[in-house]
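Here is what each chain is made of, one letter per residue.
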Amino acid sequence: MKAFITGVGGFAGSHLADLLLSQGHQVAGLVQPGAGRKNLAHLAGRIGLHEGDLLDAPRLAGILAAERPQRVFHLAAQSHVPSSWEDPSATFAVNVMGGLRLLEGCLPLREELRVVVTTSAEIYGGGPAGGLLTEEAPCAPQNPYAVSKLALDLLAAQFGQAKGLSVVRMRPSNHAGPRQGPSFAISRFAKEIAEMEAGLREPLLEVGDLEAARDFTDVRDVARAYLLAAERGKAGEGYLLCSGVPRRVGEALDLLLGMVHLRVRVERDPALSRPANPSHGKFSFGRLEADTGWRPLIPFERTVRDTLDYWRERLRAGG
């Protein structure tokens with residue numbers, strides 16, 4: 001199988017490329033012009049890389065026509081919630097119009113193609129208090145990022161039905177793990193604690209709301225879910241992708257602090273808390289498991305430890 005990944009140089013995209021290659025598939029992907037490629041350094045010469053902007057429709061269509069993949073995984077996005085408040089227009093341009101351009105570029109290949117479009121569990125807001133969130137829950141996006149992902153989710157469903165394109169929509173919860181950028185809480189905590197260990201930072205960690213609950217799924221479990229959805233998911237379906245366990249953000253910090261021999265002072269900085277920040281309830285991956293056999297395998301403690309080890313290695317390598 002030949003696969004094409006938008007956002008292949010990103011956090012989840014690079015892990016998906018690893019998984020696809022390990023199973024003998026050919027991989028090509030799209031990277032933003034000027035974007036860093038550190039996540040792909042270990043794959044040099046093993047994947048086909050194309051520079052291009054999602055909003056450049058002719059360029060995108062030309063790349064897809066040249067590659068002729070059987071599977072397209074659309075992962076590229078503006079995925080940072082605080083940035084979506086700062087610049088909603090840019091978020092909508094990338095997440096909605098960029099997704100539309102990708103779907104349009106896939107149309108000439110529709111007879112042989114399955115497209116996996118990544119939206120977000122954020123389209124549901126925090127979910128029902130004390131209940132179980134399933135795909136049938138009403139959508140209640142709480143920030144511009146979530147609104148843009150809901151628009152993409154609806155667009156992908158309608159586009160697939162109207163144009164005869166086989167599309168599966170994935171709605172992942174927060175994911176975490178090695179290679180995640182430090183603008184996300186667990187990765188930032190791990191990076192700064194690794195810097196403290198190395199004597200590069202004083203042992204003071206500023207944090208936002210540690211009581212907010214999130215459903216964190218390991219990025220490697222996420223990559224496996226994307227591949228299984230491409231192989232076994234139902235065309236037109238939308239799937240929640242989650243661990244099924246809501247956790248306090250502070251739980252990750254407690255684990256990290258227990259992994260180092262440091263006395264770290266933790267201080268609350270209100271500027272680090274996002275607006276409209278509801279805690280997440282319990283999410284269900286039941287539909288995804290029923291259709292594809294997927295369930296999460298990697299324990300949360302390993303996710304946290306591997307993230308810390310990733311930043312330790314980056315520091316040792318001078319990154």
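Please refer to the structure higher up on the page.
So, how was this worked out
- Residues numbered from 1 in each chain as written.
- Predicted model: local features only at pLDDT ≥ 70, side-chain atom pairs only at ≥ 80, totals over all residues.
- Heavy atoms only, no water.
- Helix = DSSP H or I, 4+ residues; strand = E, 2+ residues; numbered from the N terminus.
- Rg over C-alpha atoms; globule rule 2.2 N^0.38 Å.
- Buried < 20%, exposed > 50% of the residue type's maximum accessible area, 1.4 Å probe, protein only.
- Contact = heavy atoms within 4.5 Å.
- Lys, Arg positive; Asp, Glu negative; His and termini not counted.
- Charge placed at Lys NZ, Arg CZ, Asp CG, Glu CD.
- Pairing = 2+ DSSP bridges.
- Axes fitted to C-alpha atoms, helices over the stretch in contact; angles between N-to-C directions.
- Parallel < 35°, antiparallel > 145°, perpendicular 65-115°, else oblique.
- Left-handed = near helix turned anticlockwise from the far one by under 90°.
- Nonpolar A, V, L, I, M, F, W, Y, C, P; charged D, E, K, R; others polar.
- Phe/Tyr/Trp six-rings, centres within 6.5 Å; stacked < 30°, edge-to-face > 60°.
- Lys NZ or Arg CZ within 6 Å of the ring centre and 35° of its normal.

Draft legend 1. Structural view of the overall build of the chain. The helix and strand tally for the chain stands at 10 helices and 15 strands. Relative to the compact-globule value of 20 Å for 319 residues, the chain shows a C-alpha radius of gyration of 19 Å, a close match. For the chain, the spread of C-alpha atoms along the principal axes amounts to about 60 × 45 × 40 Å. Within the chain, the fraction of its 319 residues that count as buried is 53%. Taking contacts inside the chain between residues at least 6 apart in sequence as the whole, the part at least 24 apart equals 79%. A gap of 4 Å separates the mean positions of the 37 positive and 36 negative side-chain charges of the chain.

Draft legend 2. Spatial organisation of the pairing of strand β12 (residues 238–241). Residues of β12 alternate between two faces, with Gly-238 and Leu-240 on one and Tyr-239 and Leu-241 on the opposite face, all of them buried. Summarising the sheet, strand β7 (residues 166–172) and β12 pair through 4 bridges and their orientation is parallel. When the sheet's bridge partners are listed, Arg-171 is paired in β12 with Leu-240.

Draft legend 3. Geometry of the packing of helix α6 (residues 185–197) against helix α8 (residues 249–257). Where α6 contacts α8, the axes come no closer than 10 Å and their chain directions differ by 25 degrees. When the axes of α6 and α8 are compared, the pair comes out roughly parallel. Taken as a pair, α6 and α8 cross one another with a handedness that is right-handed. Residues Ala-185, Ile-186, Phe-189, Ala-190 and Ile-193 of α6 pack against Val-249, Ala-252, Leu-253, Leu-256 and Leu-257 of α8. Partitioned by chemical class, the residues of the contact of α6 with α8 number 10 nonpolar, no polar and no charged.

Draft legend 4. A look at the packing of aromatic side chains. In this structure the tally under the stated criterion is 3 aromatic pairs. Seen in terms of ring centroids, Phe-216 and Phe-300 are 5.8 Å apart; in terms of plane orientation they differ by 25 degrees. Their pairing is stacked. With Phe-216 in the loop between β10 (213–215) and β11 (217–218) and Phe-300 in helix α10 (residues 300–316), this residue pair connects regions lying 84 residues apart in the sequence. Accessibility expressed as a relative area gives 10% for Phe-216, which makes it buried. Taking the centre distance of 5.6 Å and the plane angle of 85 degrees together, the rings of Phe-285 and Trp-294 count as edge-to-face. The ring of Phe-159 has Lys-163 lying over it, and the distance from NZ or CZ to the ring centre is 6.0 Å.

Draft legend 5. Representation of the environment of Pro-246. Here Pro-246 lies in strand β13 (residues 246–248). With 30 residues separating them in the primary sequence, Pro-246 and Phe-216 have C-alpha atoms 7.3 Å apart. Setting aside anything within four residues of it in sequence, one finds Pro-246 in contact with Ala-213, Arg-214, Asp-215, His-280, Gly-281 and Lys-282.

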